[in-house]
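# An overview of the molecular structure
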Amino acid sequence: MVQAPAAPHLAPSRQDAPRLSPVKLFEERPNGKQRLWVPKRILVTRSAAGSEIAKHAAERGAALGAEIIHLKGDQVRGLRGETEVETYRRAKSTLAIVNAPPSALKLQPIPPSADFRLDLAVGCPAHCQYCYLAGSLQGPPVTRAYANLDEILSVLPSYLGQGRITSRSDARSHEGTTFEASCYTDPLGIEHLTGSLSRTIEHFASWNREGAEAGLRFTTKYAEVEPLLALDHGGRTRVRFSVNAEAITRRFEGGTAPLQDRLHAMGRLARAGYPVGLTIAPIMPIQDWPEAYGDLFRKAAAELPQDADVTAELITHRFTPGSREVLMGWYPATKLEMDPAVRAQKRNKFGGVKYVYPKELMGEMKAWFASAVAEHLPNAQLLYWT
Ligand code: SF4
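Criteria and cut-off values
- Residues numbered from 1 in each chain as written.
- Predicted model: local features only at pLDDT ≥ 70, side-chain atom pairs only at ≥ 80, totals over all residues.
- Heavy atoms only, no water.
- Pairing = 2+ DSSP bridges.
- Helix = DSSP H or I, 4+ residues; strand = E, 2+ residues; numbered from the N terminus.
- 1 Å grid on protein atoms, 1.4 Å probe; cavity = no way out; pocket = protein on both sides within 12 Å on 5 of 7 lines; lining within 4 Å.
- Points joined across faces, edges and corners; volume = space filled by probe spheres on them.
- Nonpolar A, V, L, I, M, F, W, Y, C, P; charged D, E, K, R; others polar.
- Salt bridge = Lys/Arg side-chain N within 4 Å of Asp/Glu carboxyl O.
- Buried < 20%, exposed > 50% of the residue type's maximum accessible area, 1.4 Å probe, protein only.
- Polar contact = N/O pair within 3.5 Å; in protein donor to acceptor, adjacent residues only side chain to side chain.
- Contact = heavy atoms within 4.5 Å.
- pLDDT = per-residue confidence, 0-100.

In this section: the pairing of strand β10 (residues 143–146). Here strand β6 (residues 94–98) pairs with β10 via four bridges, running parallel. Bridging across to β10, Ile97 finds its partner in Ala145. Note that strand β8 (residues 121–122) and β10 share two bridges and pair antiparallel. In the strand pairing of β10, Val122 is matched with Arg144.

Below, the structure is given as structure tokens:
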């Protein structure tokens, strides 16, 4: 990471906070295993200032060594560097606390995972070279955590019973109307700074006790689940861990928790009564892939208690011309295969192109993964392959 100077117009008032030197992105825990993201700077917009989440983030961030900057307005600016890589680095080392825009209060369907998308934040501190957000976010990839959580949660009742994805599925309608919190962020990756995930988990538990039938879902590549273990979750939040063959997690998933820590965290949550899951993504036919993914399944099974309520979601690697271009700008030296010549094209209803693996290979992998789930996780519900 480069040491990016704060843009002058971003720094009208500052709290005294120690600067990080040299740049430190993750805080090692005493056990040396789990890591917390430490942004270089936390920007608090004018409208978000005074909110519980902004205060929490400023307190926690300052204690970890982040610079706290209170903005005069609501625009998050000044993150562009002279090159794409510099812009990326500045943005990825920044957390902005903002109010969710009105568009985030109109929830969209999110097939095949859930009925509706529920954003607690947009942007993510990790550095995955295949990032799903590439091409979807506008501007520099800064993480924006939403401060107006009460307002966001207040719109949920109007969506109850309106779902068309999981609510209409025979196998999943028992989950109630489902809300997916990890479409545009990794909510656990910033939880130590915002606390908004814990509040949302508890909100779903109490909301269900009041008669709502609703489920919260999120997926993560982090492992710091300690604050979640003692929450009153009511079994209404399914936590899935985004995992992959170890060689892929090591090579392409910068800034995330080690694979074994994620799997261990999944086991801890399952023992605390949470429904859990594996999101195996993005699946890639690397050399000896059946062996590599077989090892993943064996390790996952070893962490789970016998009676775990567990699901599996299987997502193969794909890219679009737009995401490829963004990723090549962010990771110019990447070794990730993004070669349209070895892929099949898939068109959406608007004519957009997606590059996926050829049909025959997809068929072979799909069959293998279905039998691996059945063999290693016989109680798991396989939700989808894509
Ligand atoms: S965890 Fe997800 S959103 Fe975050 S960098 Fe990785 S792929 Fe992108």
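Having put the structure on the table, let's press on.
The calculated volume of the second largest pocket comes to roughly 580 Å³. In this structure, the second largest pocket is lined by 27 residues; those nearest its centre are Pro101, Ser103, Val122, Arg144 and Tyr146. The residue inventory of the lining of the second largest pocket, partitioned by class, reads 12 nonpolar, nine polar and six charged.

The next point concerns the pattern of salt bridges. For the structure shown, the criterion picks out 19 salt bridges. Between Arg199 and Glu52 there is a salt bridge; the shortest N-O distance is 3.7 Å. Here Arg199 is found in helix α5 (residues 196–209), whereas its partner Glu52 is found in helix α1 (residues 52–64), with 147 residues between them in sequence. For Arg199, a relative accessible area of 27% corresponds to the partly exposed category. We note a salt bridge from Asp119 to Arg117, for which the minimum N-O separation is 2.7 Å.

Attention now goes to the side chain of Ser182. As for its placement among the helices and strands, Ser182 is situated in the loop between β11 (177–180) and α4 (191–194). Among the polar contacts made by the side chain of Ser182, one reaches the side chain of Glu180 at a distance of 2.4 Å. Residue contacts for Ser182: discarding those within four places in its chain leaves Pro187, Arg217, Phe218, Thr219 and Arg240.

We now examine the confidence of the model for the protein chain. Of all residues in the protein chain, 91% attain a pLDDT of 70 or more, and the chain-wide mean is 91. Counting contacts from residues 1–25, a segment whose pLDDT is below 50, to residues more than four positions away or on other chains yields 60 contacts. Contacts for the low-pLDDT stretch residues 29–33, under 50 throughout, to residues beyond four places or in other chains number six contacts.

Moving on to the environment of Glu325. As for its position among the elements, Glu325 is in helix α10 (residues 321–330). Looking at Glu325, the relative accessible area reads 62%, which means it is exposed. Along the primary structure Glu325 and Met338 are separated by 13 residues, whereas in three dimensions their C-alpha atoms are 10.0 Å apart.

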